Amino acid sequence: MRLIDRREAIRRVSVLLGGVAFVGGSRLLTALEKASPAVGETVGEFTAADIAFLDEIAETILPATKTPGAKAAKTGAFMALMVTDSYSPAERVIFREGMRKLDAAMKQANNVTFMAATPQQRLAVLTTLDREQKRVMDAREAAERRKKGLAPLPVEPGMAVSEADASIWAPVHYFRMMKELALLGYFTSEIGCTKAQHYVETPGRFDPCLPYAPGDPAWAAHP
């Protein structure tokens, strides 16, 4: 059952991430259109242990609450499939090396592996990495805008990009890749579409105005 238009899903997740284009570009969309649930314990070069590791990263980003989390949606296998099918060789190296760096960051912060860490420890490390990737991506954006002669964008307090950083065309941060794929995998899954969002398989009449309360989930799109 096709639960959400994949292009619309990419657009929505891009908005959540600040409107920046996805790593993988059109290759990601092509792979997403052809994606099917992963079968077996491995996906490309990703082992079952790798996929379990990605599941826990995604679950930390999108934990189970009153709705199932990313692990229930098998987001780790989706992430592995998208990296395998849509990332360039250089991007795959950044992603795989990023898995090692993330685990190393956890060991440095808490003297445990990511898989052995508590949910609170995981969240703290990923929050730090998220701010780090934001600075890197802001530097990339600043460099691109300077190249085009455009004015710099406003930044959050404490997130300013130095002139030196902005002049460097830094590679994409690995945690940006992970966050993109976790959100995309979850919100294009059956669980993400029908549990985390409102979904009506066959829309009825057009209702231009519907009651809304703060915290209500968004409505899932149709193909």
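For the structure, see preceding data.
All of the points below concern the structure found in this document. (Residues numbered from 1 in each chain as written. Predicted model: local features only at pLDDT ≥ 70, side-chain atom pairs only at ≥ 80, totals over all residues. Heavy atoms only, no water.)

Quick word on the packing of aromatic side chains
Throughout the structure, instances matching the rule amount to four aromatic pairs. Between F46 and F95 the ring centres are 6.1 Å apart and the planes differ by 75°, which places this aromatic pair in the edge-to-face class. Taken together, the residues span a long stretch of sequence, with F46 in the loop between α2 (25-34) and α3 (48-61) and F95 in helix α5 (residues 89-110) at a distance of 49 residues. When sorted by exposure, F46 lands in the same class as F95, which is buried. Ring centres of Y186 and F187 lie 5.1 Å apart, and the angle between their planes is 80°; this geometry places the pair in the edge-to-face category. In this structure Y186 comes out as buried when scored by relative accessible area, which is 4%. (Phe/Tyr/Trp six-rings, centres within 6.5 Å; stacked < 30°, edge-to-face > 60°. Helix = DSSP H or I, 4+ residues; strand = E, 2+ residues; numbered from the N terminus. Buried < 20%, exposed > 50% of the residue type's maximum accessible area, 1.4 Å probe, protein only.)

Remarks on α3
Compared with an ideal rise of 1.5 Å per residue, which puts 14 residues at 20 Å, α3 spans 20 Å between its outermost C-alpha atoms and is within 8% of the ideal. Of all the 14 residues making up α3, ten are buried; the element is thus mostly covered by neighbouring parts of the structure. Within the sequence span of α3, burial applies to D50, I51, F53, L54, D55, E56, I57, A58, E59 and T60. Where α3 is buried, its residues meet α4 (75-86), α5, α6 (119-148) and α8 (174-187). (Expected span 1.5 Å × (residues − 1). Contact = heavy atoms within 4.5 Å.)

Points about α6
Taking 1.5 Å of rise per residue, the 30 residues of α6 would be expected to cover 44 Å, and the 43 Å separating its terminal C-alpha atoms lies within 8% of that figure. Positive phi shows up at G149, right after α6, with a value of about 75°.

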